[in-house]
Amino acid sequence: RLVPAAATFTVFTVIALPVALLSTWLAALRFGVELDLAWVVIPYAVLASLMAASVGYGMSLAIPEPRITNLITNIVIFLVLLFSPIVIPIDRFPDWSAVAHRVLPFYHMANLVRSGLTDGLASDVGQSLAVVIAWTIVGWALVTRVVAKRG
């Protein structure tokens, strides 16, 4: 029953990773950022994709109304892109927001990928890895539960 989920993850990751790598490389060229690529960037990017897929796939299965899923997805995209410490350093956030983002996976996903692309910009990589792995396990456990209920 999880084969469609695995296929969805595989297809979207195979499409997204090369595009993400190309856009990162082009942005680095455009803005004069020196990348210091490490081999861990690939497993970290795949882990981030796996975690994000668990949330998206789980929502799509758990919420019967597609318009509600679409609304939630758009709200999450808006909040993540504008109000999370992916492009803004976490120390610029109010304390309550920084604490919330240290529990949510977005900052940690960015921190992991950043650690594989640069030297010295990422901190507490072990903590970020633990948080993203925990979110991934919980996310896919919930997807498995939703798939089992539907079957």
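Residues numbered from 1 in each chain as written. Predicted model: local features only at pLDDT ≥ 70, side-chain atom pairs only at ≥ 80, totals over all residues. Heavy atoms only, no water.

## Regarding the overall build of the protein
Consideration 1: Summing up its helical and strand segments, the protein has six helices and zero strands in all.
Consideration 2: Going from the N terminus to the C terminus, the protein shows its helices and strands as α-α-α-α-α-α.
Consideration 3: On C-alpha atoms alone, the protein measures out to a radius of gyration of 16 Å, which is about the 15 Å that the 2.2 N^0.38 rule sets for 151 residues.
Consideration 4: Its C-alpha atoms put the protein at 50 × 35 × 30 Å along the principal axes.
Consideration 5: Expressed as a percentage of its 151 residues, the buried residues of the protein come to 30%.
Consideration 6: Residue pairs at least 24 apart in sequence account for 62% of intrachain contacts in the protein once pairs closer than 6 positions are excluded.
Consideration 7: Side chains of the protein carry 9 positive and 7 negative charges; the gap between the two charge centres is 18 Å. (Helix = DSSP H or I, 4+ residues; strand = E, 2+ residues; numbered from the N terminus. Rg over C-alpha atoms; globule rule 2.2 N^0.38 Å. Buried < 20%, exposed > 50% of the residue type's maximum accessible area, 1.4 Å probe, protein only. Contact = heavy atoms within 4.5 Å. Lys, Arg positive; Asp, Glu negative; His and termini not counted. Charge placed at Lys NZ, Arg CZ, Asp CG, Glu CD.)

## Brief notes about unusual backbone geometry
Consideration 1: At Asp124, a residue that is not glycine, the phi angle is positive and equals roughly 50 degrees.
Consideration 2: Within the secondary structure, Asp124 is located in the loop between helix H5 (105–117) and helix H6 (125–150).

## A look at the packing of aromatic side chains
Consideration 1: Tallied over the full model, the rule gives one aromatic pair.
Consideration 2: With 5.9 Å between their ring centres and 70 degrees between their planes, Phe78 and Phe83 make a pair best called edge-to-face.
Consideration 3: Seen from the ring of Phe31, Arg30 lies directly overhead, with NZ or CZ sitting 5.2 Å from the centre. (Phe/Tyr/Trp six-rings, centres within 6.5 Å; stacked < 30°, edge-to-face > 60°. Lys NZ or Arg CZ within 6 Å of the ring centre and 35° of its normal.)

## A closer look at the pattern of salt bridges
Consideration 1: Applying the stated criterion across every chain, the model contains one salt bridge.
Consideration 2: In this structure, the salt-bridge partner of Glu65 is Arg67, at a minimum N-O distance of 2.9 Å.
Consideration 3: You can call Arg67 exposed: its relative accessible area is 64%. (Salt bridge = Lys/Arg side-chain N within 4 Å of Asp/Glu carboxyl O.)

## Some thoughts on the packing of helix H2 (residues 41–62) against H6
Consideration 1: Running from N to C, H2 and H6 cross one another at 30 degrees; their axes reach a closest spacing of 8 Å. Between H2 and H6, the crossing angle belongs to the class labelled roughly parallel. At the point where H2 passes H6, the crossing takes the left-handed sense. Facing H2, whose interface residues are Tyr44, Leu47, Leu50, Met51, Ala53, Ser54, Tyr57, Gly58, Leu61 and Ala62, H6 presents Val125, Leu129, Val132, Ile133, Trp135, Thr136, Gly139, Trp140, Val143, Val146, Val147 and Arg150.
Consideration 2: Classifying every residue of the contact of H2 with H6 by side-chain character gives 17 nonpolar, four polar and one charged. (Axes fitted to C-alpha atoms, helices over the stretch in contact; angles between N-to-C directions. Parallel < 35°, antiparallel > 145°, perpendicular 65-115°, else oblique. Left-handed = near helix turned anticlockwise from the far one by under 90°. Nonpolar A, V, L, I, M, F, W, Y, C, P; charged D, E, K, R; others polar.)

## Considerations on the nonpolar core
Consideration 1: Judged by nonpolar contacts, Ala5, Phe9, Ala53, Tyr57, Leu61, Trp140, Val143, Val146 and Val147 together constitute the single largest core of nine residues.
Consideration 2: Mapped onto this core, the elements with two or more residues apiece are helix H1 (3–31), H2 and H6.
Consideration 3: It is H6 that contributes the most residues to this core, four residues altogether.
Consideration 4: With residues up to four places along the chain from it excluded, the contact list for Val147 reads Arg1, Leu2 and Leu61.
Consideration 5: With eight residues, the next largest nonpolar core counts Val40, Tyr44, Met51 and Met109 among its residues. (Core = buried A, V, L, I, M, F, W, Y, C linked by side-chain atoms within 4.5 Å.)

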